[in-house]
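One-letter residues, chain by chain:
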Amino acid sequence: MSHHLDDIDRQIIHALMSDARNTSAPMIAEGMNVSAGTVRNRIERLEEAGVIRGYTAIVDFEQAGGRLTSVFMCTVPADERERLALAARSIPGVINVRVLMAGRRDLQVVAVGEETSDLREIARALSGLDIRIEDEELLQTELHTPYSRFLSDDSKRSVVTDTVTLADGTAVIEVCVTDDAPIVGRSPSEAQADGILSSDAIVTSIERDGSILHPVDDTTIRPDDVVTVLPKESSEDDVLEAFLAEGDETPTATS
């Protein structure tokens with residue numbers, strides 16, 4: 001099952017894809033309307049969900065002692081792909097194995113050697129696993145870039161991280177709270193009594209400094225909180241008025 005990502009998650013992933021080594025939680029939070037604690041909590045959740053699977057160095061092997069990098073395009077039986085991929089990964093010199101969905105050349109193996117004889121030895125080891133090598137090419141250049149659609153448009157910066165429409169048509173809103181939001185300093189019940197928050201809206205959780213709070217009557221909303229709201233019978237626009245200052249942007253609902 002895939003893990004649902006909101007705008008905070010996507011921006012965190014984009015930042016880490018850009019430069020995980022030199023990007024800290026406070027640096028990511030500085031460009032967003034959340035605390036560093038929330039960023040740390042989100043990173044931990046993304047790691048636990050398997051969305052972020054690790055952090056690795058990108059090495060230029062030609063610069064590292066003039067080593068050669070080769071890409072082997074291979075074909076394996078469909079029911080053996082995963083097993084053979086694990087077996088190929090265990091061969092000394094293999095640094096990456098990609099399993100494709102279907103068709104020929106459904107296994108790509110990236111290997112490094114100090115000289116061509118090392119690559120020939122890796123090719124023999126692959127063939128010994130009954131992996132058929134269709135083609136082999138020396139890698140000249142590999143370029144990496146973060147996934148651009150995970151980055152929000154700064155010109156349309158929104159405090160709303162996500163609006164999800166469930167199968168039954170119910171909307172669940174997750175929104176970051178800014179300093180000038182009408183609800184700041186009030187509890188959800190006080191905001192409803194003052195006519196700021198729709199009377200039937202339910203605040204189900206508050207994410208604050210990396211912790212998840214389940215609000216009670218005296219829980220006040222603070223700037224930088226990430227609040228999850230169930231609008232019930234109210235329209236989304238009516239509910240969002242409590243959390244959005246003038247000029248903030250409302251996102252399109254997703255499912």
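Fair warning: this is a prediction, and the values are worked out from it, not measured in the lab.

Chemist: Please clarify how the overall build of the protein chain should be interpreted in this entry.
Modeler: A count of helices and strands for the protein chain gives 7 helices and 9 strands. Its C-alpha radius of gyration of 25 Å places the protein chain more than 25% over the 18 Å reference for a compact globule of 255 residues. Dimensions of the protein chain along its principal axes, counting C-alpha atoms only, are 75 × 40 × 30 Å. Looking at the protein chain residue by residue over its 255 residues, the buried ones come to 39%.

Chemist: Help me understand the pairing of strand 3 (residues 107–113), please; the structure alone is not making it clear to me.
Modeler: Side-chain positions along a regular strand alternate between the two faces of the sheet. Most of strand 3 sits inside the fold, with 6 of its 7 residues counted as buried. Examined bridge by bridge, strand 2 (residues 94–99) and strand 3 share 5 bridges and lie antiparallel to one another. Across the sheet, residue Val 99 finds its bridge partner in strand 3, namely Leu 107.

Chemist: How should I be thinking about the layout of surface pockets in this particular structure?
Modeler: Gaps left between atoms show up when a probe the size of a water molecule is rolled over them. In this structure, the largest pocket occupies an estimated 1800 Å³ of space. Every residue lining the largest pocket is counted, 35 residues in all, and those nearest its centre are Thr 56, Ala 57, Ile 58, Asn 96 and His 144. Sorting the residues of the lining of the largest pocket by element identifies helix 1 (7–19), strand 1 (68–75) and strand 2 as the ones contributing at least two each. In terms of residues, the lining of the largest pocket owes the most to one element, helix 1, which gives 5 residues. Its residues placed into classes, the lining of the largest pocket shows 18 nonpolar, 9 polar and 8 charged.

Chemist: Looking at this structure, I do not really get unusual backbone geometry. What am I missing?
Modeler: For residues other than glycine, phi is negative in most cases, and the peptide bonds are mostly trans. Of note, Arg 105 is a non-glycine position whose phi angle comes to about 55°, a positive value. Note on placement: Arg 105 falls in the loop between strand 2 and strand 3. Taking the relative accessible area as the measure of exposure, Arg 105 reaches 36% and is therefore partly exposed. Its identity as a non-glycine residue notwithstanding, Asp 224 has a phi of 80°, on the positive side. Position of Asp 224 relative to the elements: it lies in the loop between strand 8 (211–213) and strand 9 (226–230). Of the residues examined, Asp 224 reaches a relative accessible area of 29% and is grouped as partly exposed.

Chemist: Even after reading the chapter, I still don't get the packing of aromatic side chains, so can you show me in this structure?
Modeler: Applying the stated criterion across every chain, the model contains 1 aromatic pair. Each ring, one from Tyr 147 and one from Phe 150, has its centre 4.9 Å from the other, and the planes form 85°; the classification is edge-to-face. For Tyr 147, a relative accessible area of 43% corresponds to the partly exposed category.

Chemist: Got a minute to help me understand the packing of helix 1 against helix 3 (residues 36–48) in this structure?
Modeler: Closest axis-to-axis distance for the helix 1/helix 3 pair is 10 Å, and the angle between their directions is 85°. One way to sum up the angle between helix 1 and helix 3 is to call them roughly perpendicular. Mapping the contact onto sequence places Ile 8, Asp 9, Ile 12, Ile 13 and Leu 16 in helix 1 and Val 39, Arg 42, Ile 43 and Leu 46 in helix 3. Of the residues belonging to the contact of helix 1 with helix 3, the class tally is 7 nonpolar, no polar and 2 charged.

Chemist: I'm lost on the environment of Gln 63 in this one. Help?
Modeler: With respect to the element layout, Gln 63 can be found in the loop between helix 3 and strand 1. The spatial distance from the C-alpha of Gln 63 to the C-alpha of Arg 10 is 33 Å, given a sequence separation of 53 residues.

Chemist: When you look at the environment of Gly 31 in this model, what are you seeing that I'm missing?
Modeler: Looking at the element boundaries, Gly 31 is found in the loop between helix 2 (25–30) and helix 3. For the pair Gly 31 and Gln 11, spaced 20 residues apart in sequence, the C-alpha to C-alpha distance is 9.4 Å.

Chemist: Sorry, what's going on with the sheet that holds strand 2 here?
Modeler: Note: strands within a sheet are paired through backbone hydrogen bonds, in either parallel or antiparallel orientation. Spatially, 4 strands are ordered 2-3-1-4 in an open sheet, and the strand pairing comes out antiparallel. Two strands in the sheet have a free side with no partner beyond their single neighbour: strand 2 and strand 4 (132–138). Taking the axes of each pair of neighbouring strands and ignoring which way they run, one obtains an average angle of 20° across the sheet. In the packing of helix 4 (residues 81–89) onto the sheet, the strands contacted are strand 2 and strand 3, and the crossing angle to strand 2 comes to about 170°.

Cut-off values and rules
- Residues numbered from 1 in each chain as written.
- Predicted model: local features only at pLDDT ≥ 70, side-chain atom pairs only at ≥ 80, totals over all residues.
- Heavy atoms only, no water.
- Helix = DSSP H or I, 4+ residues; strand = E, 2+ residues; numbered from the N terminus.
- Rg over C-alpha atoms; globule rule 2.2 N^0.38 Å.
- Buried < 20%, exposed > 50% of the residue type's maximum accessible area, 1.4 Å probe, protein only.
- Pairing = 2+ DSSP bridges.
- 1 Å grid on protein atoms, 1.4 Å probe; cavity = no way out; pocket = protein on both sides within 12 Å on 5 of 7 lines; lining within 4 Å.
- Points joined across faces, edges and corners; volume = space filled by probe spheres on them.
- Nonpolar A, V, L, I, M, F, W, Y, C, P; charged D, E, K, R; others polar.
- Phe/Tyr/Trp six-rings, centres within 6.5 Å; stacked < 30°, edge-to-face > 60°.
- Axes fitted to C-alpha atoms, helices over the stretch in contact; angles between N-to-C directions.
- Parallel < 35°, antiparallel > 145°, perpendicular 65-115°, else oblique.
- Contact = heavy atoms within 4.5 Å.

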